[in-house]
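Chain by chain, the residues run as shown.
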Amino acid sequence: MATAVLSGAENLTLIRAIAPTPNRLGLHASHFRLPPISRGAVSIRTARRRILAPKCSISAPAPRPASQPRFIQHKKEAFWFYRFLSIVYDHVINPGHWTEDMRDDALEPADLNHRDLTVVDVGGGTGFTTLGIVKHVDAKNVTILDQSPHQLAKARQKEPLKECSIIEGDAEDLPFPTDSVDRYVSAGSIEYWPDPQRGIREAYRVLRLGGKACLIGPVYPTFWLSQFFADAWMLFPKEEEYIEWFEKAGFKNVQLKRIGPKWYRGVRRHGLIMGCSVSGVKASSGDSPLQLGPKAEDVSKPVNPLVFLARLILGAIAGAYYVLVPIYMWLKDLIVPKGLPI
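What counts, and at which threshold
- Residues numbered from 1 in each chain as written.
- Predicted model: local features only at pLDDT ≥ 70, side-chain atom pairs only at ≥ 80, totals over all residues.
- Heavy atoms only, no water.
- Patch = residues over 30% accessible without salt bridge, like charges linked within 9 Å, V, L, I, M, F, W, Y side chains within 5 Å.
- Areas by Shrake-Rupley, 256 points an atom, 1.4 Å probe, with all protein chains shown as cover.
- Salt bridge = Lys/Arg side-chain N within 4 Å of Asp/Glu carboxyl O.
- Buried < 20%, exposed > 50% of the residue type's maximum accessible area, 1.4 Å probe, protein only.
- Axes fitted to C-alpha atoms, helices over the stretch in contact; angles between N-to-C directions.
- Helix = DSSP H or I, 4+ residues; strand = E, 2+ residues; numbered from the N terminus.
- Parallel < 35°, antiparallel > 145°, perpendicular 65-115°, else oblique.
- Left-handed = near helix turned anticlockwise from the far one by under 90°.
- Contact = heavy atoms within 4.5 Å.
- Nonpolar A, V, L, I, M, F, W, Y, C, P; charged D, E, K, R; others polar.
- Pairing = 2+ DSSP bridges.
- UniProt positions renumbered as here; feature names shortened; annotations may be inferred.

Turning our eyes to something else, we now look at a nonpolar patch on the surface. Residues L324, I327, W330, L331, L334 and I335 make up a contiguous nonpolar surface patch of roughly 640 Å² in combined accessible area. By relative accessible area, W330 is classed as partly exposed at 43%.

Axis separation between helix α6 (residues 196–206) and helix α8 (residues 239–249) bottoms out at 9 Å; the angle between their running directions is 50°. Classed by the angle they form, the pair α6 and α8 counts as oblique. In this structure, α6 crosses over α8, and the sense of that crossing is right-handed. Along its contact with α6, which presents P196, Q197, I200, R201 and Y204, the element α8 presents E244, W245, F246, K248 and A249. The residue inventory of the contact of α6 with α8, partitioned by class, reads six nonpolar, one polar and three charged.

With that out of the way, let us pick up the sheet that holds strand β6 (residues 142–146). Taken in spatial order, the seven strands of this open sheet run β7-β6-β5-β8-β9-β11-β10, and their pairing is mixed. Two strands close off the open sheet at either side, each with one partner strand: β7 (165–168) and β10 (251–258). Between one strand and the next, the sheet's axes are offset by a mean angle of 15°, whatever the strand orientation. Two elements, strand β9 (residues 207–217) and strand β11 (residues 276–282), share six bridges in a ladder whose sense is antiparallel. Along β11, the bridge assignment pairs I216 with S277.

Another aspect to go through is the UniProt feature "transmembrane region" (unreviewed entry) in the chain. Mapped onto the present numbering, the UniProt feature "transmembrane region" (unreviewed entry) falls at residues 308–331. For residues 308–331, helix accounts for 100% and strand for 0%, while the C-alpha atoms at its two ends are 36 Å apart.

As structure tokens, this is what we get:
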């Protein structure tokens with residue numbers, strides 16, 4: 001659920017969905033009740049689901065069908081996309097989409113409250129999110145996992161991360177034992193997962209009893225042009241989809257917190273790349289109660305090189321739109337007087 005302006009708790013109102021809508025997984029979202037609580041959190045109850053939203057008009061587009069192609073959808077395209085993007089990632093992408101204040105705000109629900117916690121940063125890339133984690137947890141207890149060796153090479157160069165374990169791996173098939181870590185963190189990775197439910201199920205599996213997962217990702221936009229490029233580029237889940245995936249995996253006490261750069265002034269209609277931080281607690285030891293079939297994607301299968309190249313190029317063009325959106329919003333913030341909606 002995207003909104004036009006994200007303001008303080010004093011502007012919140014109760015809204016109830018008219019009817020459930022099927023999501024990409026064929027699931028149906030329950031009716032939602034929006035209580036006037038603060039800090040942009042979403043709490044889940046057994047009998048009802050509660051979502052925080054400001055008092056404003058809401059557009060709730062139906063999620064795209066699972067069969068609709070995304071140009072950067074598969075792991076091979078993402079691998080080569082980041083082969084080149086890793087060169088400028090920390091200096092070009094992060095300033096517009098994933099700032100330090102956003103990172104620290106988004107990591108708060110992870111409860112990184114002890115130096116001895118064991119933490120995995122899944123899809124950790126260049127280690128920008130990990131830098132926020134090691135403020136609270138000893139680096140020797142942190143593992144960074146990513147499928148891109150080019151991104152991980154950047155992480156290895158950062159002095160605060162020298163003691164971290166850095167490994168290549170798949171978010172949908174984690175190389176960690178069941179019940180082995182205290183915290184699971186993933187930021188800016190879910191949009192590339194062919195099967196988000198499988199990745200969140202893996203988060204549940206590797207956590208110890210009482211452990212907490214914190215997943216940070218984009219939200220689906222409501223502006224028509226942003227929807228077009230989001231659908232062409234990669235996965236932009238709706239807020240209720242995040243919640244549904246966590247609940248299905250077995251997580252309890254699911255919370256959703258909205259995040260964004262300060263200069264964005266809460267405008268969410270464009271589907272900001274880092275749009276929400278979702279967390280949940282593992283309530284039972286062992287594997288997730290959710291049973292799934294084979295993986296949606298087998299990276300060992302050969303790919304038509306012309307199709308691959310076309311998908312990579314078209315996806316990169318669509319992604320360029322989301323590099324320009326923060327610049328546009330930053331300029332509007334400078335031009336439009338404070339206090340007025342942008």
